[in-house]
Amino acid sequence: MQHARRYGYVGPPELRGRMAGVDAVAVETAAALARWLAERDRGELVEPFTFVVALDGGLRLASRRSEHVVLVGGHDVLAAGEIAFALAGSGWHVVEVTNQSTGYCPDPDCWPAVGEALDRIGVRHPDDFTDKVTFRRCPACGERNVVRDDDFTCAQCDSALPAQWNFAPN
Ligand SMILES: [Zn+2]
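Just so it is clear, the model here is predicted, and its values are computed rather than measured.

Enquirer: What is the right way to look at the environment of Gly 103 in this model?
Expert: Positionally, Gly 103 belongs in the loop between β5 (91-98) and α5 (111-121). Put simply, Gly 103 and Thr 153 are 50 residues apart on the chain and 20 Å apart in space, counted from C-alpha to C-alpha. The residues contacting Gly 103, other than those within four sequence positions of it, are Gly 8, Tyr 9, Val 10, Gly 11 and Arg 144.

Written out as structure tokens, the structure is:
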């Protein structure tokens, strides 16, 4: 894979160690995905799920209440976000997929890892994120920001945020 960027966990440290009780699954086949989705209740299916693409390129899913970091035991990921599926004639397909993860704050550039993970499973999906979230760390105060309406200003301290994604480990 040519997209070598790994995303390290940047969220609150107390969540990193929290592993117990998460109903997460590593999805390797379309049949496994269908099985896991069939076990969700109706209320869960109307909301997107939490997903990560682990360093092995595999897709892992959990209910939306789950923090991304617990899906991979605190490890780095290739991508993270939220994903929603719908049942069509031929099976489940992806209707919504975003890079919404405040735990990893991934750049929308992580899409290829998501597309490849879904291709590997054999589930139909959009060609890119259906919604892209722009994350920036404030160079002045360290706050994790979501940039909205092209306003590159820190919500915490009003400092200017950089044009480029800047959560890379130093
Ligand atoms: Zn700031």
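Enquirer: What is the right way to read the domain arrangement of the protein chain from this model?
Expert: You can read the domains of the protein chain as domain 1 (13-132) and domain 2 (133-170). Between the C-alpha centres of domain 1 and domain 2 there is a distance of 25 Å. Counting each side, the surface lost to burial between domain 1 and domain 2 is near 710 Å², with a carbon and sulfur contribution of 57%. Three residues stand out in domain 1 for area buried against domain 2, namely Thr 102, Cys 105 and Asp 107, and they jointly supply 58% of the buried area on that side. The interface formed by domain 1 and domain 2 holds 0 salt bridges in total. Counting every contact that joins domain 1 to domain 2 gives 3 residue pairs in polar contact (both at pLDDT 80 or more). Partitioning the side of domain 1 that touches domain 2 into residue classes produces 3 nonpolar, 5 polar and 3 charged.

Enquirer: Looking at this model, I keep getting lost on unusual backbone geometry. Mind explaining?
Expert: Backbone geometry follows two general trends: most residues other than glycine have a negative phi, and most peptide bonds adopt the trans configuration. With a phi angle near 55 degrees, Asp 150 is a residue other than glycine that sits in the positive phi range. Within the secondary structure, Asp 150 sits in the segment after β7 (144-147). Accessibility expressed as a relative area gives 68% for Asp 150, which makes it exposed. A positive phi angle, near 70 degrees, is found at Asp 158, a position not held by glycine.

What counts as what
Residues numbered from 1 in each chain as written. Predicted model: local features only at pLDDT ≥ 70, side-chain atom pairs only at ≥ 80, totals over all residues. Heavy atoms only, no water. Helix = DSSP H or I, 4+ residues; strand = E, 2+ residues; numbered from the N terminus. Contact = heavy atoms within 4.5 Å. Domains from an automatic or database assignment. Buried area = accessible area lost by both parts, 1.4 Å probe. Salt bridge = Lys/Arg side-chain N within 4 Å of Asp/Glu carboxyl O. Polar contact = N/O pair within 3.5 Å; in protein donor to acceptor, adjacent residues only side chain to side chain. Nonpolar A, V, L, I, M, F, W, Y, C, P; charged D, E, K, R; others polar. Buried < 20%, exposed > 50% of the residue type's maximum accessible area, 1.4 Å probe, protein only.

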